[in-house]
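Architecture and fold: a report
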Amino acid sequence: MTTPELDSDGRRYRGAAPGQRQLERRTRLIEAATQAFGTDGYRNTTVITICATAGVGKRYFYESFTDSEDLLLEVFREIVARMLESIHVGLRDADADPETQIRSALTAYFQLIHEDPRVPRIGFFEILGVSPTVDRAYQDMLDALVNILLALVTPHVDLETHPAVSVRTVLFGLVGAIVVIAQKWVLDEYRQPQDDVVDSACLVVGAVLARIGSKTN
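Residues numbered from 1 in each chain as written. Predicted model: local features only at pLDDT ≥ 70, side-chain atom pairs only at ≥ 80, totals over all residues. Heavy atoms only, no water.

Structural notes on the packing of aromatic side chains
Convention followed: Two rings from Phe, Tyr or Trp (for Trp, the six-membered ring) form a pair when their centres are within 6.5 Å of each other. A pair whose planes differ by under 30 degrees is stacked, one over 60 is edge-to-face, and the rest are tilted. Burial here depends on accessible area, computed with a 1.4 Å probe over protein chains only, as a share of the maximum for the residue type. Under 20% is buried, over 50% is exposed, and the range in between is partly exposed. Look at NZ for Lys and CZ for Arg. If either is within 6 Å of the ring centre and within 35 degrees of the ring normal, a charge sits over the ring.
A full pass over the atoms with the stated rule returns seven aromatic pairs. Relative to Y42, the ring of F37 has its centre 5.2 Å away and its plane inclined at 75 degrees; by these criteria the two rings are edge-to-face. The exposure class assigned to F37 is buried, which follows from its relative accessible area of 0%. The interplanar angle of 85 degrees and the centroid separation of 6.3 Å between the aromatic rings of F124 and F125 together place this pair among those described as edge-to-face. Counting every residue linked through ring pairs, the aromatic cluster contains Y109, F110, W185 and Y190. The ring of Y60 carries the charged tip of R25 above its face, separated from the ring centre by 4.0 Å.

Re the nonpolar core
Heads up, the rule is: We call a set of buried residues a nonpolar core when its members are Ala, Val, Leu, Ile, Met, Phe, Trp, Tyr or Cys and they connect through side-chain atoms within 4.5 Å of each other. The way it works is that DSSP assigns letters per residue, a run of H or I at least four long becomes a helix, a run of E at least two long becomes a strand, and they are numbered from the N terminus. Any two residues whose heavy atoms approach within 4.5 Å are treated as being in contact.
In this structure, F37, L71, L106, Y109, F110 and I113 are the most contacted members of the largest nonpolar core, which totals 67 residues. Top element by residues in this core is helix α7 (residues 132-153). It accounts for 13 residues. Among all residues touching L106, those that are not within four sequence positions of it are I178, V198, A201, C202 and V205.

Below you can see the structure in the form of structure tokens.
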């Protein structure tokens, strides 16, 4: 029989080192929070509820997070990582033309939003208006989306007429438009077919790229 060990002595307990057990507890808390924030909402969820769902004592919550806002930020970071990963998967065909890549990326993006409604609820709604720190995280997400678009379209843009700084500003507006399309789709409970939503987003992107595209295009 294995003799239990205290966390503070740094020895293993039930086959797992203390650091591993803390990581496991943290993972369960994030999973429980993702489910709660994505269904009941951040403001309707308490630390006690999350701990109960995760099967983690409240005292262990504070070994990983300072408060519920800190946990929300971590959940949001994971949501954003999933969004960005879906887009990168759509862009994996580096030999495809920009129009095809953009359609593939947008298809993957909207598919994720459709398949897991927790993603848009947390990423588009629950994250808003919590605090300046959380608002900054939301802006960082928009920055990341702009960076992806910028890397994709820069080789095809007439930078003499439209300098990089100007293109970046335009792309911020473009990302905002795509997010609003996604938000409206979610609020309408996905009534519009996904292919139609993708077509609409592609139309917006295509119109912008046609305007700032290189003279040789």
